[in-house]
Amino acid sequence: FALQANGSAVEAWNVVSAVVEQQPENVLARLVLALAYSRVGGHTNAIREGQTAVASGEWGLDAWRALAISLGNAGRYPEAIQAVQAALAINNRLSMLHFEQAHYALQSGDTDTATHAYFRILAFDPGNIKVRLRMCAVSSLLGERHRAIDYCLEVTQLAPGWIDGWHMLGREYFLQGSFAD
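Overview of the structure. (Residues numbered from 1 in each chain as written. Predicted model: local features only at pLDDT ≥ 70, side-chain atom pairs only at ≥ 80, totals over all residues. Heavy atoms only, no water.)

1. Brief notes about the overall build of the chain
Moving on, step 1. Within the chain one finds 11 helices and zero strands.
Moving on, step 2. Projected onto its principal axes, the C-alpha positions of the chain cover 65 × 30 × 25 Å.
Moving on, step 3. Contacts in the chain between residues at least 24 apart in sequence constitute 45% of all its contacts with a sequence separation of at least 6.
Moving on, step 4. On the chain, roughly 9,400 Å² of surface is accessible, and the fraction owed to carbon and sulfur atoms is 54%.
Moving on, step 5. Of the side chains in the chain, 13 bear a positive and 17 a negative charge, and the two mean positions are spaced by 1 Å. (Helix = DSSP H or I, 4+ residues; strand = E, 2+ residues; numbered from the N terminus. Contact = heavy atoms within 4.5 Å. Areas by Shrake-Rupley, 256 points an atom, 1.4 Å probe, with all protein chains shown as cover. Lys, Arg positive; Asp, Glu negative; His and termini not counted. Charge placed at Lys NZ, Arg CZ, Asp CG, Glu CD.)

2. Looking at the environment of G57
Moving on, step 1. Inspection of the secondary structure puts G57 in the loop between α4 (43-56) and α5 (60-73).
Moving on, step 2. When the C-alpha atoms of G57 and V27 are compared, they prove to be 9.1 Å apart, with 30 residues separating the residues in sequence.

3. Description of the packing of helix α9 (residues 129-141) against helix α10 (residues 145-158)
Moving on, step 1. For the pair α9 and α10, the least separation of the axes is 8 Å and the interaxial angle reads 160 degrees. Judged by the angle between their axes, α9 and α10 are roughly antiparallel. Crossing angle aside, the handedness with which α9 passes α10 is left-handed. For the pair α9 and α10, the contacting residues are I129, R132, L133, M135, C136, S139 and S140 in the first and R145, R147, A148, Y151, C152, E154, V155 and L158 in the second.
Moving on, step 2. Looking at the contact of α9 with α10 residue by residue, the class counts come to nine nonpolar, two polar and four charged. (Axes fitted to C-alpha atoms, helices over the stretch in contact; angles between N-to-C directions. Parallel < 35°, antiparallel > 145°, perpendicular 65-115°, else oblique. Left-handed = near helix turned anticlockwise from the far one by under 90°. Nonpolar A, V, L, I, M, F, W, Y, C, P; charged D, E, K, R; others polar.)

4. Considerations on the state of the cysteines
Moving on, step 1. Overall, the coordinates contain one disulfide when judged by the stated rule.
Moving on, step 2. The partner cysteine of C136 in its disulfide is C152, sulfur to sulfur 2.0 Å. Disulfide C136 to C152: torsion about the S-S bond roughly -60 degrees, handedness left-handed. Remark: C152 occurs in helix α10 and C136 occurs in helix α9; sequence separation between them is 16 residues. (Disulfide = S-S within 2.5 Å.)

5. Description of the nonpolar core
Moving on, step 1. Core analysis: the largest hydrophobic core is formed by 42 residues, its most contacted members being Y104 and Y118.
Moving on, step 2. When residues of this core are assigned to their parent elements, the largest contribution, seven residues, is made by α5.
Moving on, step 3. When residues no more than four places from it in sequence are discounted, the contact partners of Y118 are F99, A102, L106, V131, R134, M135 and V138.
Moving on, step 4. Counting residues in each nonpolar core, the second largest holds 10 residues, with A12, V16, V32 and A46 among its members. (Core = buried A, V, L, I, M, F, W, Y, C linked by side-chain atoms within 4.5 Å. Buried < 20%, exposed > 50% of the residue type's maximum accessible area, 1.4 Å probe, protein only.)

6. Concerning the pattern of salt bridges
Moving on, step 1. This model, assessed by the stated rule, comprises eight salt bridges.
Moving on, step 2. The salt bridge partner of R76 is E79, with a shortest N-O separation of 2.7 Å.
Moving on, step 3. One salt bridge in this structure joins E154 and R132, with 2.6 Å as the shortest N-O distance. Of this pair, E154 sits in helix α10 while R132 sits in helix α9, placing them 22 residues apart in sequence.
Moving on, step 4. For E154, a relative accessible area of 25% puts it in the partly exposed group.
Moving on, step 5. What emerges from the salt-bridge pattern is a single network uniting R30, R48 and E49. (Salt bridge = Lys/Arg side-chain N within 4 Å of Asp/Glu carboxyl O.)

Structure, rendered in C-alpha cells:
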C-alpha cells in the first residue's frame, strides 16, 4: 500500500505480483494489484482484481473501494457509484467515500447524488471545510450564484489561509458581475 500511495505503482505491482503468484488467495495483495493496474491504465486488469477481491468476502470496505477506484478510473462512473455505495453500507461515516461518490456522480452529470453525498458529510462533520468548497463549486455549476458565494464565504471565514476558498469566492463574484468585490 505504501508504494502504491506514494505513486510507485510499478514497484507496487512488482511486489504484489510476486505475492499473488505465491499466494493467489491473498486478498490484500489483490487490492494493491487492482490499484497499481488502475494507476498505470490497466483498467481491465484493475477491475478484474477488484472484483476478485470483492468476491472473496474479505477486506470488505477496502475491496469495494479498490473496485470503485478501478471502475472510476476506467470511466465507468455508475458502476463506481454502486461500488462506493456497497462500501458505504459497511461504514457510512467515512468522508472519503462520500467525496468519491460525489466525484463519480459529478463525472456522470448527477448533481443530485453529489449534493446528497456532500450533505451527508455535513450531517456528521459540520465543520468540514472541503465539503463547503465542493458545495460552492456545485452551486456554481447549477447557476446558483448567491448560494455559491455563501458557501465560499463560509470557507474563507473558517479557513482564511486556504487560497482555494478565496479563489472560488473571487471567481463567483466575477461570474456574478461584481468585479470590484
